[in-house]
Amino acid sequence: MDPPRSTPAKSVDSTVLLLSEETHTIVRQRTGKQCLSSADLPSLLELHKCAELRDVTALGTVKELFLSDCPGVDDVSALGTVQMLSLRHFPAVRDVSALGTVQTLILVQCGVDDVSALGTVHTLTLNACPAVRDVSALDTVHTLTLVNCGARTM
């Protein structure tokens, strides 16, 4: 079982969130930037192999977000406002229903099985998501790429 967050993200106002202690530390280590709130984050952020990352709430303000190998993250619902989102190697992520407003979404080796809420995504790539079986709700996705998924094509 994962340890609880030491200091979860806190709202400063309706659009700015203070970064949790672990998110602040990870961003500082990876970017060299001292980011205390979501307003301080760069518009493009790549975080890889972040075992200690748990809380991604404040990362929802980033425009382009690339996350990979962050096994402590199981809730990505706060990332629905990101324009381009790539999640790689997130077996604990099951619910992506809040990501329907993302313009470009890439899910690789995620534990998701229900993608019915993603019909409004412009560009959607599902790779190595074998639990995804039904993509019938994705007929409005402009560009849909399915690789090594259990889904039948439309």
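Presented here is an overview of the structure given in this document. (Residues numbered from 1 in each chain as written. Predicted model: local features only at pLDDT ≥ 70, side-chain atom pairs only at ≥ 80, totals over all residues. Heavy atoms only, no water.)

Looking only at helices and strands, the chain features 1 helix and 8 strands. When the helices and strands of the chain are listed from N to C terminus, the series reads β-β-α-β-β-β-β-β-β. Relative to its full complement of 154 residues, the chain shows a buried share of 43%. Within the chain, counting contacts between residues at least 6 apart in sequence, those at least 24 apart form 7% of the total. On the chain, roughly 7,800 Å² of surface is accessible, and the fraction owed to carbon and sulfur atoms is 51%. (Helix = DSSP H or I, 4+ residues; strand = E, 2+ residues; numbered from the N terminus. Buried < 20%, exposed > 50% of the residue type's maximum accessible area, 1.4 Å probe, protein only. Contact = heavy atoms within 4.5 Å. Areas by Shrake-Rupley, 256 points an atom, 1.4 Å probe, with all protein chains shown as cover.)

Residues of helix H1 (residues 21-31) that are buried: Glu22, Thr23, His24, Ile26 and Val27. Close packing links the buried residues of H1 with strand S3 (44-48). One or two residues past the end of H1 sits Gly32, with phi positive at roughly 80 degrees.

Our focus in this paragraph is the nonpolar core. Counting residues in hydrophobic clusters, the biggest one holds 43 residues, and the most contacted among them are Leu79, Leu99, Leu107 and Leu118. Elements with a contribution of two residues or more to this core: H1, S3, strand S4 (64-68), strand S5 (84-90), strand S6 (104-110) and strand S7 (123-127). With near-sequence residues (within four places) excluded, Leu118 lies in contact with Val96, Leu99, Gly100, Leu105, Leu107, Leu124, Leu138 and Val141. (Core = buried A, V, L, I, M, F, W, Y, C linked by side-chain atoms within 4.5 Å.)

Read from one edge of the open sheet, 6 strands run S3-S4-S5-S6-S7-S8, paired in parallel fashion. A single partner strand is all that each edge strand has here, and the edge strands are S3 and strand S8 (143-147). Mean inter-strand twist for the sheet, computed between neighbouring axes without regard to direction, equals 5 degrees. Bridge count between S7 and S8: 5 bridges; the pairing is parallel. Residue Asn127 lies in a different strand from S8, and its bridge partner there is Val147. (Pairing = 2+ DSSP bridges. Axes fitted to C-alpha atoms, helices over the stretch in contact; angles between N-to-C directions.)

Looking now at the pairing of S5. Of all 7 residues making up S5, 5 are buried, and the element is well covered by its neighbours. Both S4 and S5 contribute to a ladder of 5 bridges, which runs parallel. Within S5, the position partnered with Ser68 by the bridge is Arg88. Alignment of S5 against S6, held across 6 bridges, turns out to be parallel. What sits directly across from Leu87, in S6, is Leu107.

Quick look at a negative patch on the surface now. Taken together, the side chains of Asp74, Asp75, Asp95, Asp113, Asp114 and Asp134 present a region of like negative charge at the surface. Counting through the fold element by element, Asp134 comes out in the loop between S7 and S8. (Patch = residues over 30% accessible without salt bridge, like charges linked within 9 Å, V, L, I, M, F, W, Y side chains within 5 Å. Salt bridge = Lys/Arg side-chain N within 4 Å of Asp/Glu carboxyl O. Lys, Arg positive; Asp, Glu negative; His and termini not counted. Charge placed at Lys NZ, Arg CZ, Asp CG, Glu CD.)

In this section: the side chain of Ser68. Positionally, Ser68 belongs in strand S4. Setting aside residues up to four positions removed in sequence, Ser68 forms contacts with Leu47, His48, Lys49, Cys50, Arg88 and Phe90.

Here the focus is the environment of Leu47. As for its position among the elements, Leu47 is in strand S3. Judged by relative accessible area, Leu47 falls into the buried class, the value being 0%. Each C-alpha atom, one on Leu47 and one on Phe66, is 6.3 Å from the other, the two residues being 19 residues apart in sequence. Apart from residues no more than four positions distant in its own chain, Leu47 is found in contact with Ile26, Arg30, Leu53, Leu59, Phe66, Leu67, Ser68 and Cys70.

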